[in-house]
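Close look at the chain arrangement
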Amino acid sequence: MAEYGAERYGPSADVPPDYRVAGRHAMMPAANHDEIARFNFLANLVKYVSTRVLPGTAVAYQNRAEPAFEDKHGHKPRDRREVRKAMEGDPYYKIWSALRLNTMEMRQQAGRSVVLRQLDELNAAAKSLNDDKPTLQLDPSVEIPRYIGSVDNHLMPGSYYTELVADDVSPAANYDVGIFVTTQGLFGLHTDGAGHGLVKWLADNHPDLKINRILDIGCGLGHNSVPVALGFPDAEMYAVDVAAPMLRYGHARAQDLGATNLIFKQGNAEALDFPDQHFDLIYSTMFVHETSYKALHRIMAECRRLLRPGGLHVHLEQPPFHGMSPFEQFLRDWDAYYNNEPFWSTVHSLQMTDVMAKVGFDRASLFETKVTAVVDETIFPKAGDFDYGRGCVWYTFGAQAEAA
Amino acid sequence: MSTIDVFKLANTRAKGKRPNFLDDPAVERVLSITLAVAGELAVTRERLDTVERLLAKNDLLSQAAIDAYEPSEQEAQQRAMWHQEYLARIFRIVQQELEALERSDPSSEDVGATLAEGESD
Ligand SMILES: C[S@@+](CC[C@H](N)C(=O)[O-])C[C@H]1O[C@@H](n2cnc3c(N)ncnc32)[C@H](O)[C@@H]1O
């Protein structure tokens, strides 16, 4: 290691792992040598832009944009909107933005080009693993909500739900095959660090909670459903999502990873057809920022209806804006404006405790905390904030329903 | 037979108006093309690296061997560092822009004018 290690190169030797260390499973699209090299390049590009280019935006702000704003207005920017006014024309901010935007777009192109050339094989593989099992419950009457259908979230062409052919899994396959580019493996071998983190948090904080029925809302392809299903092998677990391709792929993947107690069900988390007080644990990971103000309230009300007395609901999210400097808030808002995360800004300005109280949760039952990713540290030795707004520690909120 | 146009669909845009950050859309377009070319060169470099390492290791060389090649942790480290150095090289101008922001220098012309003081006397 010496020749290329930190002894000679210092921080320059801190680089992403090779794509090949990422976890595989039966549904993972096959990538050839050059496709893997493309993911390696893009992972390095993300790392370069976030560690070498991004920090300069703070310098541009302090040395140029903030003084110019103060000259013009007689005071420093007071909130993130004024920081935006000060910064949006700044040449350094513009080149960082343009690079970041291209990185996102290139990651999508790279993933789709791998997936679409083997679309028929992938759809056939899902079909054979799913094999009309009762644990996959699709419902074509479920509509795509406006907050998902208006723009394609995080610049993902066709979003989670678009089917290019019948029984399509391509949106999920693209999501899965390319996620390494943005996570660099820091969310774990199977991008399941949040799910493992939640299992650990439950063991540490609620060791006596009886958990027989679990619900994961906005499960996507189940990256963070599988570790929870495996962590509670005797529980019956539902994972719901509006997007059929995510569920088809997720179910096939979960079968291969051994999570056979996990039922993937198509449904809208705003109104689900489970009986009242059905679940002991309801949770979500990286979900609420992709909804809307009204939907969020309905989803929280639905959690309240579905929790049994003494049951727990927990949501892992990006950190809220409270307590951050206006400049940091402004940087985090980038996703809201340019990465097609239209609810991002609003959701991070909200007090989640107020939202939960509004739908009827007793204030005394509410909590806000942090959950840390649990990943295989032999391969990914350190966790940290590696790409702005995407740390390995999540802001976590929820409530424990009053006991009967 | 697949019914979809793979090349076209792989490149398709996401729904939602695309922002333009740079003042001239033509420059924005050139940046996208340049980054794509940069990526493809990186891919070629990594492939060549694989070929060279395999040639050194084996007497024969096959397509399957290239696709099955798994770098060791140390080799992967070295390759990723190549990517970082390569990126540093192609984004030199961005780094230098930041350095200039941190410490602004006078232009040579301005210095020249100072150095020439007294010349016409
Ligand atoms: C960012 S993904 C999160 C995926 C997953 N929880 C994870 O940790 O990987 C958000 C998912 O929420 C789904 N979704 C959005 N609104 C929904 C709703 N109202 N009901 C159910 N699923 C929804 C989307 O289809 C998408 O798959």
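Everything quoted here is computed from the prediction, not taken from an experiment. (Residues numbered from 1 in each chain as written. Chains lettered and ligands numbered in written order. Predicted model: local features only at pLDDT ≥ 70, side-chain atom pairs only at ≥ 80, totals over all residues. Heavy atoms only, no water.)

1. Some words on the overall build of chain B
Helices and strands together make up the secondary structure of chain B, namely six helices and zero strands. Counting helices and strands in the order they occur from the N terminus, chain B gives α-α-α-α-α-α. Over its C-alpha atoms chain B spans a radius of gyration of 24 Å, topping by over 25% the 14 Å that the globule rule assigns to 121 residues. Principal axes of the C-alpha set define a box for chain B whose edges measure 80 × 45 × 25 Å. Classification of the 121 residues of chain B by burial places 32% in the buried group. (Helix = DSSP H or I, 4+ residues; strand = E, 2+ residues; numbered from the N terminus. Rg over C-alpha atoms; globule rule 2.2 N^0.38 Å. Buried < 20%, exposed > 50% of the residue type's maximum accessible area, 1.4 Å probe, protein only.)

2. A few points about the overall build of chain A
Secondary structure assignment for chain A yields 16 helices and eight strands. For chain A, whose C-alpha radius of gyration is 22 Å, the value lies close to the compact-globule estimate of 22 Å for 404 residues. The C-alpha extent of chain A, read off along each of the three principal axes, is 60 × 55 × 40 Å. Residue pairs in contact within chain A that sit at least 24 positions apart in sequence constitute 80% of those at least 6 positions apart. Averaged over its 39 positive side-chain charges, chain A has a centre that lies 4 Å from the centre of its 52 negative ones. (Contact = heavy atoms within 4.5 Å. Lys, Arg positive; Asp, Glu negative; His and termini not counted. Charge placed at Lys NZ, Arg CZ, Asp CG, Glu CD.)

3. Some details on the environment of A:Pro17
Position of A:Pro17 among the secondary structure elements: in the loop between helix H1 (6-9) and helix H2 (33-53). Each C-alpha atom of the pair A:Pro17 and A:Gln255 lies 27 Å from the other, and the pair is 238 residues apart in sequence.

4. Regarding the site of the ligand
Residues and elements named next belong to chain A. In the vicinity of the ligand there are 19 residues, among which Tyr147, Gly218, Asn224, Asp241 and Thr285 approach most closely. A distance of 3.4 Å is found between a nitrogen atom of the ligand and a backbone nitrogen or oxygen belonging to Val242. Grouping the constituent residues of the shell around the ligand by class yields ten nonpolar, seven polar and two charged. (Near = heavy atom within 4 Å. Polar contact = N/O pair within 3.5 Å; in protein donor to acceptor, adjacent residues only side chain to side chain. Nonpolar A, V, L, I, M, F, W, Y, C, P; charged D, E, K, R; others polar.)

5. Considering the pairing of strand S3 (residues 236-241) of chain A
Successive side chains on a regular strand alternate, one facing one side of the sheet and the next facing the other. Residue and element names in this part refer to chain A. A large share of S3 lies buried, amounting to five of its six residues. Two strands pair when backbone bridges link them, and strand S2 (residues 213-217) and S3 are joined in this way by five bridges, in the parallel orientation. If you follow Leu215 over to S3, its bridge partner there is Tyr238. What joins S2 to S3 is helix H10 (residues 226-231), and the crossover it makes is right-handed. (Pairing = 2+ DSSP bridges. Right-handed = clockwise from strand over helix to strand, strands pointing away.)

6. Thoughts on the state of the cysteines
What we call a disulfide is simply a covalent bond connecting the sulfur atoms of a pair of cysteines. Residues and elements named next belong to chain A. Within the structure shown, the criterion is met by zero disulfides over all chains. In this model Cys219 remains outside any disulfide bridge; the closest cysteine sulfur is found in Cys303, 14 Å from its own. In this structure Cys219 comes out as buried when scored by relative accessible area, which is 9%. (Disulfide = S-S within 2.5 Å.)

7. A look at the pairing of strand S5 (residues 279-285) of chain A
Residues and elements named next belong to chain A. A large share of S5 lies buried, amounting to seven of its seven residues. Relative to strand S6 (residues 307-317), S5 runs parallel, the two sharing six bridges. Residue pairing in the sheet places Ile282 in a bridge with His313 of S6. Considered for its hand, the β-α-β crossover made up of S5, helix H12 (residues 293-306) and S6 is right-handed.

8. Concerning the sheet that holds S3(A)
Residue and element names in this part refer to chain A. The strand order S1-S4-S3-S2-S5-S6-S8-S7 describes an open sheet built from eight strands, whose pairing is mixed. Two strands close off the open sheet at either side, each with one partner strand: strand S1 (136-137) and strand S7 (366-372). Docked against the sheet, helix H9 (residues 193-205) engages S5, S6, S7 and strand S8 (393-400), running at close to 125° with respect to S7. Taken strand by strand, H12 contacts S2, S5, S6 and S8, and its axis lies near 145° from that of S6. (Axes fitted to C-alpha atoms, helices over the stretch in contact; angles between N-to-C directions.)

9. Observations concerning the confidence of the model for chain A
Scored by pLDDT, chain A comes out at a mean of 93, with 96% of its residues at no less than 70. When the criterion is pLDDT under 50, residues 383-389 of chain A qualifies, and its contacts beyond four places in sequence or with other chains add up to 23 contacts. (pLDDT = per-residue confidence, 0-100.)

10. Details of the domain arrangement of chain A
All names here are of chain A. When cut into domains, chain A gives domain 1 (6-136 + 157-182) and domain 2 (193-400). Distance between the C-alpha centres of domain 1 and domain 2: 21 Å. Taken residue by residue, the interface counts 47 residues in domain 1 and 41 residues in domain 2. Together domain 1 and domain 2 conceal approximately 3,900 Å² of surface at their shared face, both sides included; 63% is due to carbon and sulfur atoms. Between domain 1 and domain 2 we count four salt bridges in total. When the shortest N-O distance is used, the salt bridge between Asp335 and Arg100 registers 3.8 Å. Looking at the side of domain 1 that touches domain 2, the element that brings in the most residues is helix H8 (residues 170-183), giving seven residues. When its residues are assigned to classes, the side of domain 1 that touches domain 2 shows 28 nonpolar, eight polar and eleven charged. (Domains from an automatic or database assignment. Buried area = accessible area lost by both parts, 1.4 Å probe. Salt bridge = Lys/Arg side-chain N within 4 Å of Asp/Glu carboxyl O.)

11. As for the interface of chain B and chain A
Contacts between the two partners involve 55 residues from chain B, matched on the other side by 57 residues from chain A. In total, about 5,000 Å² of surface goes out of reach between chain B and chain A, with carbon and sulfur atoms giving 65% of it. At the junction of chain B and chain A, the tally comes to four salt bridges. Between A:Glu105 and B:Arg18 there is a salt bridge whose closest N-O contact spans 2.7 Å. Where chain B meets chain A, there are 18 residue pairs in polar contact (both at pLDDT 80 or more). Elements that contribute at least two residues to the side of chain B that touches chain A include exactly helix H1 (6-10), helix H2 (25-57), helix H3 (63-68), helix H4 (73-90) and helix H5 (92-102) of chain B. Along the lines of polarity and charge, the residues of the side of chain B that touches chain A split into 28 nonpolar, 13 polar and 14 charged.

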